[in-house]
Amino acid sequence: MTQTNRRAGGVSPPVSDQSPDSRMTGGLTPPARQGVGGAHRWAVIAIALMLAGQAVVMTLTATRLSSTHDEYWHVPVGLLNWKTGRFDVEPSNPPLLRMWATWPLLFTSADSPRTEPTTDLNRFGDDFLAANREHFDRYVVLARLPIILLTIAAGALLARWAWEWQGPWAACLVTWLWSREPTVLAHGSLVTTDAGGAVFWIAALFAAWRFAQRPTTRNAVLAGALLGLAQAAKFTNVLLVPL
């Protein structure tokens, strides 16, 4: 039986299903929630602008620097890996990052003539320079661009990790630090295993963290795949295994 309010003439007033906050705002989303959404949107914009600025700085660096010592033989060996399918010509570094860096050269006339292993790594660079003298600097710049993409992807991944852990402002702080760190700006513009190795180190740790949070089959496969890619990027990433 429905209870009545005797002082109101026996009729109980209708009870609203809306919360007090909703009644105060006419049924609309409370202002506080709208503010949170706006803050998230501005955080995403800030992160994107910081990473875009980092990409511009590293691209300008890549176009202005001459070939470094390691790039002198990383670039021709990476191209040689693609064209011959051999990985024994220079076994002191894994092939993943060199092949990632040199895939744009497959669409050019670049040639890496030396096909036999040698302990004098500069011989790879000497032969590559002799075969591509007119476009040597251009080919080095093209090989640097994929490394820049990896470095920017690492910044985005760090932002995602910080966002999931501590929220949007932590993501902005992490992105600000990553996009302005001198070592990242320097090595992220070069065809070496340093920046790429760090990228896969970060990715493997992030995947392991997500698996610890949500131990699903998908997260397990992703963590295992990134751990394997990290080993193919840099030999010292074997230190990830006990972690």
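Please refer to the structure higher up on the page.
Residues numbered from 1 in each chain as written. Predicted model: local features only at pLDDT ≥ 70, side-chain atom pairs only at ≥ 80, totals over all residues. Heavy atoms only, no water.

## Observations regarding the environment of Thr-102
To keep it simple, the criterion reads: Secondary structure elements follow DSSP: runs of H or I of four or more residues count as helices, runs of E of two or more count as strands, with numbering from the N terminus. For every residue, the accessible area obtained with a 1.4 Å probe (protein chains only) is divided by the maximum for its type, and the residue is called buried under 20%, exposed over 50%, and partly exposed between those limits. Contacts were defined at the residue level, with two residues in contact if any of their heavy atoms lie within 4.5 Å. The term polar contact refers here to a pair of N or O atoms within 3.5 Å; inside protein, the definition further demands a hydrogen-donor-capable atom paired with an acceptor-capable atom, and it admits residues adjacent in sequence only when both atoms are side-chain atoms.
For Thr-102, the location among the structural elements is in helix H4 (residues 96-102). The class for Thr-102 is buried, based on a relative accessible area of 0%. Considering only alpha carbons, one finds Thr-102 and Trp-82, 20 residues apart in sequence, at a separation of 8.3 Å. Contacts of Thr-102, omitting those with residues within four sequence positions, involve Val-75, Gly-78, Leu-79 and Trp-82. A distance of 3.4 Å separates a polar side-chain atom of Thr-102 from the backbone oxygen of Gly-78.

## A short note on the packing of helix H6 (residues 136-166) against helix H7 (residues 168-180)
Our working rule: Note on geometry: axes are C-alpha line fits, over the in-contact stretch for helices, and angles between N-to-C directions span 0 to 180 degrees. An angle below 35 degrees is treated as roughly parallel, one above 145 as roughly antiparallel, one from 65 to 115 as roughly perpendicular, and anything else as oblique. Note on convention: the crossing is left-handed when the near helix lies turned anticlockwise from the far helix by less than a right angle, right-handed when the turn is clockwise. Side-chain classes are defined by residue name, with Ala, Val, Leu, Ile, Met, Phe, Trp, Tyr, Cys and Pro counting as nonpolar, Asp, Glu, Lys and Arg as charged, and the others, Gly among them, as polar.
Interhelical geometry of H6 versus H7 gives an angle of 155° and a closest axis separation of 7 Å. Classified by the angle their axes make, H6 and H7 are roughly antiparallel. Helix-helix and strand crossings are classified by hand; for H6 and H7 the assignment is right-handed. The residues of H7 that touch H6, namely those facing Thr-151, Ala-154, Gly-155, Leu-158, Ala-159, Ala-162, Trp-163 and Gln-166, are Pro-168, Ala-170, Ala-171, Val-174, Thr-175 and Trp-178. Within the contact of H6 with H7, the residues separate by chemical class into ten nonpolar, four polar and no charged.

## Points about a nonpolar patch on the surface
The line we're drawing: Residues with no salt bridge and a relative accessible area higher than 30% make up the patches, which join like charges within 9 Å and nonpolar side chains (Val, Leu, Ile, Met, Phe, Trp, Tyr) within 5 Å. Methods summary: accessible areas were calculated by the Shrake-Rupley approach with a probe of 1.4 Å, and residue burial reflects only the protein chains presented. Basic side-chain nitrogens of Lys or Arg form a salt bridge, by our definition, when they fall within 4 Å of a carboxyl oxygen of Asp or Glu.
A surface patch of nonpolar side chains, amounting to about 650 Å² of accessible area, comprises Trp-82, Trp-100, Trp-103, Leu-106, Phe-107 and Leu-149. Taking the relative accessible area as the measure of exposure, Trp-82 reaches 39% and is therefore partly exposed.

## Quick look at the packing of aromatic side chains
Here is the rule: Planes of paired rings set the category: under 30 degrees apart is stacked, over 60 is edge-to-face and the rest tilted, where pairs are Phe, Tyr or Trp rings (Trp by its six-membered ring) whose centres lie within 6.5 Å.
Scanning the model with the defined rule gives ten aromatic pairs in all. Ring geometry for Phe-128 and Tyr-139: centres 6.5 Å apart, planes at 55°, overall tilted. Here Phe-128, found in helix H5 (residues 122-131), pairs with Tyr-139, found in helix H6; they are eleven residues apart in sequence, far enough to count as distant. Residue classification places Tyr-139 among the buried positions, given a relative accessible area of 1%. Clustering of aromatic rings is evident, with ring pairs tying together Tyr-72, Phe-128, Phe-136 and Tyr-139.

## Brief notes about the pattern of salt bridges
Counted according to the given criterion, the structure contains six salt bridges. We note a salt bridge from Arg-86 to Asp-88, for which the minimum N-O separation is 3.1 Å. Here Arg-86 falls in the partly exposed class, since its relative accessible area comes to 27%. Between Glu-164 and Arg-160 there is a salt bridge, with the nearest N and O atoms lying 2.8 Å from each other. Here Glu-164 and its partner Arg-160 are both found in helix H6, four residues apart, which amounts to about one turn of the helix. Its relative accessible area of 31% is what places Glu-164 among the partly exposed residues. Assessed through its relative accessible area of 45%, Arg-160 is described here as partly exposed. Through salt bridges with shared partners, a single network forms among Arg-160, Glu-164 and Arg-210.

## Section: the nonpolar core
The cut-off we apply is this: What we call a nonpolar core is a set of buried Ala, Val, Leu, Ile, Met, Phe, Trp, Tyr and Cys residues that are connected through their side-chain atoms within 4.5 Å.
Of all hydrophobic cores here, the largest spans 17 residues; its most connected members are Leu-97, Leu-150, Ala-154, Trp-178, Phe-200, Ile-202 and Leu-226. Looking at this core, the elements with two or more residues in it are H6, helix H9 (193-213) and helix H10 (217-233). Residue contributions to this core peak at six residues, all from H9. In this structure, Tyr-72, Leu-105, Ala-110 and Val-191 belong to the second largest nonpolar core, which totals 14 residues.

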